Amino acid sequence: MAPIHTVVLTKGVPDFREGQVSFDENGHLERGKTPTVMNPNDKFALRAALQTRVRHGGRVSVMSMGPPGYKDVLREAMADVYADDLYLLSDREMAAADTWATSITLATGIEKMAAGTNEGDGRDEDAMPDLVFAGFKTADGETGHTGPQTCWCLDMPVVTHVVSLDIDPEARTLRAKRLVEGDIEEIETVEAELPCFVVADPEFVPSYRTASHRLELKDLRERTARRAEAFEDHLTVWDHSDLNLDPDYIGLDGSPTIVSSVDPIPKQPAEREATVVAPDDADGMTELVDEMLPFAAGASGGGGGAEAVADGGRTGGSDDRDTSDGETGGE
Amino acid sequence: MSSSPSDADAADAEHYEAVVVGAGPGGAAAAAALASYGVETLVLERGVDAGSKNVSGGLIYAEESAPYTIDRLFEGFREEAAERPVTDYHLHNVAGDRVKSFDITDLHEHDTEWCDAVLRRKMDSWLAERVHELTRETGGGLLTEVRVNGLLREQGEIVGVTCDELDPIRADLVVAADGVNSELARDAGLMDWAEPEEWFQGVKAVVDMPEGAIEERFGVDDDEGVAHLFSGDLFDDVRGGGFLYTNRDTLSIGTVFHLDSLVAEQAEPHELLDALLTHPLLAQWLGDEYEELEYSAKLVPDSKKVALREPHRDRLVLVGDAAGQMQAQGPIIKGMNHAVTAGALAAEAYAEAKARGDTRTAGTLYAEKLRSEGVMDKLRPRRYEAARVVGENDRASGLTDRLVDSRVGRGALRALGGRLERLYGSPYLSMMVPDTRTPYVTLPTAIAEELGEPITDVNTVEPPSLEERIGDLTYDTDIGHPHIRLRDASYEASGAAVSACPVSAEGFGGGCYRTETVRTNGSEETVVSLDTQPCVECGTCAIVADTAWEHPRGGKGVEFRQG
Ligand SMILES: Cc1cc2nc3c(=O)[nH]c(=O)nc-3n(C[C@H](O)[C@H](O)[C@H](O)COP(=O)(O)OP(=O)(O)OC[C@H]3O[C@@H](n4cnc5c(N)ncnc54)[C@H](O)[C@@H]3O)c2cc1C
Ligand code: SF4
């Protein structure tokens, strides 16, 4: 059995506590002027990844897409979750990407990372990560799509609102408890096959009920303290050409979302919807995407958004990865 | 206590060769020694950090006669984990403002290789780091914030431990180094928490000292330290005494009283501490600026009465306070050093038993070692057992009291004069002091009255109120899970706790225990109510009140910063 490879997606968000969030005249966040911290909800994804790592060993990679300033977020992730390696997808061409463009870029980054780093791990050369974790929504007004969209691009099933997680590496399955919110909160248990995409709920609670797990945790903490100090040695930065991505499909140019107005900064997410969709469940996926569209596209750009979404999906999707590589390869 | 898990649980439980419960000096020594024999050893400590639950006076002794000392088990201990060595030792007999002081450095140095003052948070957390390194090398390690809540049994036999935070763990050796109020000793049926006569209660304040003040006020170099003991009438009739030890930049000032006496006198522990802090004798050391860093308390077993002769059952061995191995050698208190010795002897016994192919004999072997190494004789001196029969008889004590107070007695005291000091410094005598008023109150008072000089210094110290002391402590309250429950709230059953609890007082509403008057159908009843939030986990009410008493879950409850 090959060791588990886990990827966590994280992003930086403006530090709202400072109260100095600024937007330019086009309604885009001016991140340079606002201090960046890790999206608080990503911590739950990191915890879920750590639990996997402690219980089953293997490797944890953390990936983020954003400006060079996100390195700090990655360092924080390494210190928090004892990550082995860090990836930053950073390029001026990728700037101001919306969730779709981000998803395509992240998916491509994950594929490249997987292809390039499996060797030493005794895994199949181009095996995808076994688990990809993302947090529930970001704190800067995003709507929680990057996760599901990225997983769609990666052709993985997705389990959302996960509050507890068990993995059977032998059977290559995952069993998760997820929060289903209706009139009353309900917990349902679902099973999925690996590789799988997991969106951790803010109520995710890692559990370490054996001494050996807690000792492993302690070891990891000690080892990582040293590693996090020299985190740049474990950091890989890729730009769009490293990823063979066509600038037309990423960054602002590739973003179908036009922000018409900015909502007040959200506090704790109020509503949560339950979604478990397998990638080969076409109806389910369409439904999921439909449901997300009104958020993703914004009020005025709804129609145009849908088309761009479809395009973007094809370009980054792994079904026709060869084509997509071919298309952008000429760049 | 949690319900005992079924045998099925026991069968597929995680296994370590040895599990050590508690990371005080006893647990640390046991674990380090076990690791040195290559034994896979898991150490479980309930505090957020080792030391965060612990209180000592505290002077740790390295006895010349002891088979193990802490600095030999842990290289660098004195330099890195301890405060100042005690180079001077004084005993003060107090009567009002008259004081007669004896130099008892000789008694202190008897059988002493060295003796250092320590603060437990610093000491225990330092030890825990070493222990983790050592035990990790043999496949185990040390975990904090795990509370062991009982013994794991299989067909009635102890085979491991159960915890609040972890699944049951099996072990070939379980070392209960969980201190006074050992839940494991109770679970094993080896200790009951019934008799106040068997315990002392210690209460302590750590006081900040300005830079250079210790050297100046105590006349010592920066690598020297002082110990002072106090007895006489400054605690009224409560049997016990006070202490003052110099740390690096702080003072540890406290009191240790017989619990039964505290209960009988309905004394308020914090007031007794204040009586010491505000005595004119202390003015020279405390100066005008009094800053208390921490108020703390803990029970102490009296080894003369409770040290177990066979501290083991099945795979379980008890070390340190858990086994009652806390020796009050007259005024000198020795608990930590014996815990260290016992912990290492238990490890030695296990390693020998294993080498002989039968680890089940470890417990018996350990008890044998306690005897052959002379530890048991120190803990339960035979002379004391003999003397006790007469000495602690009330009529006898009344007689000696009257003798000391009589004209003849007083004359004899004066005649003895300087020789009294030598008498007090005799280790032989101090070992068999009976637990009566005579040595604690009557004699010191008489000595001070007959031989003492009045102290003219003015003490301006205003100790913080109980409310302020509680307010300054750090708690992580386990809301909705009180660790102590009152089984019988009647005043007869549990009223003693209102005054004896060091963070409660009659007439004080902000403590753990309160007296309440309930009116029903025209009749009035006095009952006791309990709020565990301000609890410092001293253990007193486990003994003086009718309670279901447990320690809080891992990491919860009070967190001492000094200890
Ligand atoms: C005021 C005062 C003054 C004293 N002065 C001195 C002195 O000057 N010199 C001296 O030698 N001794 C002194 N003592 C006594 C000394 O503190 C004790 O004898 C000594 O600490 C005993 O060591 P131990 O390792 O047995 O237990 P402890 O030091 O009490 O350690 C027990 C450990 O077990 C942990 N624990 C308890 N229950 C559990 C559980 N269920 N699960 C997990 N962990 C648990 C505790 O958190 C703690 O860390 C004094 C005591 C007091 C209160
Ligand atoms: S409630 Fe009990 S254990 Fe807690 S401080 Fe008071 S007497 Fe001690």
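Think of each chain on its own: its residues are numbered from 1, step by step along the sequence as written. Labels are handed out in written order, letters beginning with A for the chains and numbers beginning with 1 for the ligands. Note on the predicted model: pLDDT of at least 70 is required for a residue's local features to be given, and 80 or more for side-chain atom pairs to be given and counted; whole-chain, interface and lining totals, by contrast, use all residues. To obtain the side-chain values, all non-hydrogen atoms of the structure were used and water was disregarded.

Going by the annotation in an unreviewed UniProt entry, the name recorded for chain B is FAD-dependent monooxygenase, with Halobium salinum given as the source organism. UniProt positions are given in the numbering used here, feature names are shortened, and annotations may be inferred rather than shown by experiment. As its UniProt record puts it under Cofactor (unreviewed entry), chain B is described as follows: "FAD".

Asks: What is the right way to read the UniProt feature "domain: FAD-binding" (unreviewed entry) in chain B from this model?
Replies: UniProt's entry tags residues 16-342 of chain B with the feature "domain: FAD-binding" (unreviewed entry), counted in the numbering of this structure. Helix makes up 26% of residues 16-342 of chain B and strand 36%, whereas the separation of the span's terminal C-alpha atoms amounts to 21 Å. Under the DSSP-based scheme used, a helix requires at least four consecutive residues in state H or I and a strand at least two consecutive residues in state E, with every element numbered from the N terminus.

Asks: Looking at this model, I keep getting lost on the site of ligand 1. Mind explaining?
Replies: All names here are of chain B. Close contacts around ligand 1 come from 38 residues, with E45, S56, L59, R120 and D321 the closest. Contact distances for ligand 1 include 2.9 Å between an oxygen atom and a side-chain N or O atom of N54. Contacts described as polar in this section are N or O atom pairs within 3.5 Å, which, within protein, must combine one atom able to donate a hydrogen with one able to accept it, while residues neighboring in sequence count only if both atoms come from side chains. Note that a nitrogen atom of ligand 1 is positioned 2.8 Å from one of the backbone N or O atoms of G57. The accessible surface values rely on the Shrake-Rupley method and a 1.4 Å probe; as for residues, cover is taken only from the protein chains in view. For ligand 1, whose free accessible area comes to 1000 Å², the fraction covered by protein is 98%. Broken down by secondary-structure element, the contributors of at least two residues to the shell around ligand 1 are α2 (25-36), β15 (291-301), β19 (332-334) and α13 (336-355). The near set for a molecule or strand comprises every residue that places at least one heavy atom within 4 Å of it.

Asks: Just checking my understanding: could you explain the domain arrangement of chain B for this structure?
Replies: How big an interface is tends to be reported as the loss of accessible area on association of its parts. Residues and elements named next belong to chain B. We note that the domain assignment places domain 1 (7-83 + 119-191 + 308-379), domain 2 (85-117 + 193-302 + 385-430 + 432-472) and domain 3 (473-559) within chain B. How far each domain reaches was decided by an automatic or database domain assignment. Relative placement of domain 1 and domain 2: their C-alpha centres are 30 Å apart. Here domain 1 packs against domain 2, burying approximately 3500 Å² in sum over the two surfaces, 59% of which is carbon and sulfur. Salt bridges, as used here, are contacts in which a Lys or Arg side-chain nitrogen is within 4 Å of a carboxyl oxygen on Asp or Glu. Scanning the region where domain 1 abuts domain 2 turns up 2 salt bridges. Put simply, R72 and E113 hold a salt bridge, and the shortest N to O gap is 3.0 Å. Where domain 1 packs against domain 2, one counts 15 residue pairs in polar contact (both at pLDDT 80 or more). When two components associate, each loses some accessible surface as probed by a 1.4 Å sphere; the sum of these losses over both components is called the buried area.

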